[in-house]
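# Observations on the model geometry
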Amino acid sequence: MGVTVDVHEVFKYPFEQVVASFLRKKIRHDGKKVQTGRAWALASARCRGASSCYPNPMDKNVISVKIVEEKKDVSTGIIYRKRIAVCQNVVPEILRKHSGDCWKKVNILKVPNVQLEEESWFNPQERNMAIRSHCLTWTQYASMKEESVFRESMENPNWTEFIQKGRISITGAGFLNCVLETFASTFLRQGAQKGIRIMEMLLKEQCGAPLAE
């Protein structure tokens, strides 16, 4: 059946500053350096010494984040980036040790870590960035996808709107399907709120108090 999670937030900072804070979360780059514009270059430079690089005490579930591809479309100016995140398996131990027949089909959930793939499209001209992510682990039994966007706020051009929609669907675990979906949706929602708090802290640290108007 599946469950959905929607998140909406307005950061009272300009788009360029919000994107720069978001991009500070990267840890290393294995591809060629791309000339990306001020916000992207600023984030790349700051990340090398930033407290938000992983692993870090602010987000202990994330073990590492690795950029595997980054390129710029010279005709549109849009910058594409793909990164892989390795996170701790947060499925409760009591569920991982379940001994029922249904659990024998999904013993893959006993893995210590999970991988997530994130793709982003940064458009500095139109001042928006679209993000799409999904889980690379458990694909036979679970579908976990998120679509997000940062864009200039229609309420105030000096503010930035963040919208995220996530969907989780789990099959093959029998009566545990709903239990796992509920846990996953709660964790996803809490993770989104934690990410917002981290970004607000970084923005205040980098840029000072938010803009009232």
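Bear in mind that the values here come from a model prediction, so they are computed numbers and not experimental data. (Residues numbered from 1 in each chain as written. Predicted model: local features only at pLDDT ≥ 70, side-chain atom pairs only at ≥ 80, totals over all residues. Heavy atoms only, no water.)

### Things to note about unusual backbone geometry
Excluding glycine, residues mostly carry a negative phi; peptide bonds, for their part, are mostly trans. Phi angles above zero are rare outside glycine, and Arg127 is one such case at about 55°. Residue position: Arg127 is located in the loop between β5 (113-123) and β6 (128-135). (Helix = DSSP H or I, 4+ residues; strand = E, 2+ residues; numbered from the N terminus.)

### A few points about the pairing of strand β3 (residues 62-72)
Across 9 bridges, the pairing between β3 and strand β4 (residues 79-88) is antiparallel. Paired with Lys71 across the bridge in β4 is Tyr80. (Pairing = 2+ DSSP bridges.)

### Remarks on the confidence of the model for the protein
A low pLDDT means the predicted coordinates there should not be read in detail. Per-chain confidence: the protein averages 76 in pLDDT, with 69% of residues scoring 70 or above. Of all helices and strands in the protein, the one with the weakest mean pLDDT is strand β2 (residues 28-29) (39), whereas β6 scores best (93). Scored below 50 in pLDDT, residues 26-37 shows 28 contacts in the model against residues more than four places distant or in partner chains. Confidence drops under pLDDT 50 across residues 42-52; counting only partners more than four residues distant or on other chains, this segment forms 20 contacts. (pLDDT = per-residue confidence, 0-100. Contact = heavy atoms within 4.5 Å.)

### As for the pairing of β5
Where β4 and β5 come together, 10 bridges link them in antiparallel fashion. Of the residues in β5, the one forming a bridge with Gln88 is Asn113. In this structure, β5 lies alongside β6, joined through 8 bridges in antiparallel fashion. Residue Ser120 lies in a different strand from β6, and its bridge partner there is Ile131. Hairpin connection, β5 to β6: the antiparallel pair is bridged by 4 residues, and Arg127 has positive phi, about 55°.

### Re the pattern of salt bridges
The tally for this structure, following the rule as stated, stands at 6 salt bridges. The salt bridge involving Glu119 is made with Arg132; its shortest N-O contact spans 3.4 Å. With Glu119 in strand β5 and Arg132 in strand β6, this residue pair connects regions lying 13 residues apart in the sequence. With a relative accessible area of 41%, Arg132 lands in the partly exposed category. Of the charged contacts in the structure, one is a salt bridge between Glu161 and Arg151, with a shortest N-O distance of 3.0 Å. (Salt bridge = Lys/Arg side-chain N within 4 Å of Asp/Glu carboxyl O. Buried < 20%, exposed > 50% of the residue type's maximum accessible area, 1.4 Å probe, protein only.)

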